[in-house]
Amino acid sequence: MNVTPQSAILPEAGPYSLVCVFNLVGNKDKVIRQCQGLLEVAEKLNQQHVSACIHLSFGFGKAFWQQFEKGCPNDFEEFAPLGSGDVTAPSTGGDLLLHVHSNRHDLNFHLLSSFMQPIASEVELIDETNGFRYLDARDLTGFIDGTENPKKQAARQEIAIIPDGPFAGGSFVMLQRFVHNLPAWHAVNVAQQEQIIGRTKPDSVELDEVPADSHVGRVDLKEEGKGLKIVRHSLPYGTVSGEHGLLFIAYCAQQRNFREMLDSMYGEKDGQTDKLLDFTKAVTGAYFFVPSTEMLTQLQ
Ligand code: HEM
Ligand code: MG
């Protein structure tokens with residue numbers, strides 16, 4: 001395969017992430033040239049700061065992608081709002097996604113700042129979220145997040161990267177920013193929290209009987225005996241006094257895996273919702289297509 005996936009996808013999430021969603025309000029050509037130029041900026045920063053390990057990817061919302069005459073990947077849909085009553089997920093869209101992860105919070109800032117300066121009047125930055133690895137890779141609920149995430153490069157490649165066809169080397173991203181209600185969560189005892197997640201709290205061991213309405217019960221899906229998989233890069237974000245939660249971001253070679261998991265979490269399959277959603281609420285939701293590096297650098 002003579003194509004290279006964008007660099008954020010395959011390596012495990014670094015300790016600091018930056019996830020930005022933009023809408024295009026001005027000149028698309030300037031914006032795309034700035035995206036292409038940022039790959040070189042990142043490469044130079046990585047040479048100057050050898051332990052920084054800056055990885056990044058650009059994703060495109062469907063409406064924006066369709067302006068490039070590259071055709072549209074099969075099965076590329078907009079994020080549909082989900083759920084009902086108190087358990088809902090909005091669709092908030094976005095033309096462009098920038099996902100950066102590295103060992104350096106300051107360089108993530110620097111990268112975004114240098115990206116924005118020349119195109120400040122061409123785009124609107126609608127969500128900018130800094131993520132951080134918390135303790136031993138825990139979500140702010142205190143549970144380890146990522147235990148069942150595929151670790152080996154070959155498995156991550158197989159799950160996340162489109163293997164062949166015109167969009168080979170590309171990937172789909174699902175993004176949801178969740179705001180947690182930690183006072184409500186902390187009011188629940190640990191045994192009950194474990195029933196809600198489906199794993200133990202100290203060491204993330206799957207329960208002998210995983211409740212069907214637990215988070216793991218909702219998202220650990222099988223089709224014809226084979227697990228539906230995605231590659232997660234989520235990290236906690238926020239401030240103690242303000243909003244905080246999980247910036248959920250994941251990659252997959254097919255969008256369908258996300259839709260299956262979301263339908264299961266939000267009660268669209270059997271009316272049963274994910275109990276975790278009683279303690280956290282998505283405030284954004286969007287899908288993006290992440291072309292291969294070669295396709296990104298050829299866009300015009
Ligand atoms: C597993 C947390 C949202 C997909 C887990 C685990 C935790 C967790 C603690 C168990 C450990 C692990 O295997 O990583 C959260 C939190 C969320 C959230 C706090 C939001 C606030 C989502 C969403 C999806 C998702 C939106 C997909 C649509 C998965 C998958 C697994 C998982 C696929 C692995 C299941 C398995 O194979 O056992 N999550 N998650 N999660 N989560 Fe989430
Ligand atoms: Mg499993």
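Owing to the predicted nature of the structure, the values given are computational and were not obtained by experimental measurement.

Participant: Sorry, what's going on with the pairing of strand E1 (residues 16-24) here?
Facilitator: Across seven bridges, E1 lies against strand E5 (residues 96-102) in antiparallel orientation. Note that in E5 the partner of Phe22 across the bridge is Leu96. Where E1 lies against strand E6 (residues 123-132), nine bridges are found, and the strand directions are antiparallel. Within E6, the position partnered with Ser17 by the bridge is Gly131.

Participant: In this structure, what is going on with the site of ligand 1? I would like to understand it.
Facilitator: Among the 25 residues in the neighbourhood of ligand 1, the closest are listed as Gly146, Thr147, Glu148, His215 and Arg232. In the environment of ligand 1, an oxygen atom lies 3.0 Å from a nitrogen or oxygen atom belonging to the backbone of Thr147. Backbone polar atom of Glu148 to an oxygen atom of ligand 1: 2.9 Å apart, as the coordinates give it. Counting residues per element, the ones that place at least two in the shell around ligand 1 are strand E7 (171-180), helix H7 (215-219), strand E12 (244-252) and helix H8 (256-265). The element that contributes the greatest number of residues to the shell around ligand 1 is E7, accounting for four residues.

Participant: Help me out: how do you make sense of the pattern of salt bridges in this one?
Facilitator: When the charged atoms of two side chains with opposite charge come close together, those side chains can pair. Within this structure, the stated rule accounts for 18 salt bridges. Two residues, Glu12 and Arg156, come together in a salt bridge whose shortest N-O distance is 3.9 Å. Of this pair, Glu12 sits in the segment before E1 while Arg156 is found in helix H4 (residues 153-160), placing the two residues 144 residues apart along the sequence. Glu12 sits in the partly exposed class, given a relative accessible area of 43%. A relative accessible area of 0% places Arg156 in the buried class. Of the charged contacts in the structure, one is a salt bridge between Glu122 and Lys30, with a shortest N-O distance of 3.4 Å. In this pair, Glu122 is assigned in the loop between helix H3 (105-116) and E6 and Lys30 in helix H1 (residues 28-48), connecting sequence segments 92 residues apart. Linked through salt bridges whose partners overlap, the residues forming this network are Glu223, Arg256, Glu260 and Lys269.

Participant: What is the right way to read the pairing of strand E2 (residues 55-60) from this model?
Facilitator: Most of E2 sits out of view: five of its six residues are buried. Where E2 lies against E5, six bridges are found, and the strand directions are antiparallel. Bridge pairing links Phe60 to Leu96 in E5.

Participant: I tried to follow the environment of Tyr237 on my own but got confused; where do I start?
Facilitator: The residue Tyr237 is located in strand E11 (residues 235-238) in this model. When its relative accessible area of 4% is taken as the criterion, Tyr237 is described as buried. A distance of 2.9 Å separates a polar side-chain atom of Tyr237 from the backbone oxygen of Phe178.

Participant: Got a minute to help me understand the packing of aromatic side chains in this structure?
Facilitator: Within the structure shown, the criterion is met by 16 aromatic pairs. A ring pair is formed by Phe79 and Tyr287, whose centres lie 5.3 Å apart and whose planes are at 50°; its orientation type is tilted. One end of the pair, Phe79, is in the loop between helix H2 (62-65) and strand E3 (82-84); the other, Tyr287, is in strand E14 (residues 286-290), with 208 residues separating them in the sequence. For the ring pair Phe143 and Trp185, a centre distance of 6.0 Å and an interplane angle of 70° mean the geometry is edge-to-face. Note that Phe143 is positioned in the loop between E6 and H4 and Trp185 in helix H5 (residues 182-186), a separation of 42 residues in sequence.

Participant: Explain the environment of Gly83 here, please?
Facilitator: Relative to the helices and strands, Gly83 resides in strand E3. The spacing of Gly83 and Lys28 is 55 residues in sequence and 34 Å in space, taken between C-alpha atoms. Residues contacting Gly83, with those up to four places away along its chain left out, are Thr88, Tyr266 and Glu268.

Participant: Hey, could you run me through the coordination of the iron atom of ligand 1 in this one?
Facilitator: One donor from the polypeptide reaches the iron atom of ligand 1: His215 (NE2), at 2.0 Å. Position of His215 relative to the elements: it lies in helix H7.

Participant: What am I meant to see in the confidence of the model for the chain here?
Facilitator: Predicted coordinates in areas of low pLDDT are best not read in detail. Mean pLDDT over the chain stands at 97; residues scoring 70 or higher make up 100%. In the predicted complex, the global pTM is 0.98; the interface-specific ipTM is 0.98.

Participant: Sorry, what's going on with unusual backbone geometry here?
Facilitator: Note: most peptide bonds trans; most residues except glycine with negative phi. Of note, the phi angle at Glu69 is positive, near 55°, even though the residue is not glycine. Accessibility expressed as a relative area gives 77% for Glu69, which makes it exposed. We note that Asp75 has phi near 70°; this positive angle belongs to a residue other than glycine. Along the chain, the position of Asp75 falls in the loop between H2 and E3. On the accessibility criterion, Asp75 (35% relative accessible area) is partly exposed.

Conventions and cut-offs
Residues numbered from 1 in each chain as written. Chains lettered and ligands numbered in written order. Predicted model: local features only at pLDDT ≥ 70, side-chain atom pairs only at ≥ 80, totals over all residues. Heavy atoms only, no water. Pairing = 2+ DSSP bridges. Helix = DSSP H or I, 4+ residues; strand = E, 2+ residues; numbered from the N terminus. Near = heavy atom within 4 Å. Polar contact = N/O pair within 3.5 Å; in protein donor to acceptor, adjacent residues only side chain to side chain. Salt bridge = Lys/Arg side-chain N within 4 Å of Asp/Glu carboxyl O. Buried < 20%, exposed > 50% of the residue type's maximum accessible area, 1.4 Å probe, protein only. Phe/Tyr/Trp six-rings, centres within 6.5 Å; stacked < 30°, edge-to-face > 60°. Contact = heavy atoms within 4.5 Å. Donors = N, O, S within 2.8 Å, 3.2 Å for Na, K, Ca; no water. pLDDT = per-residue confidence, 0-100.

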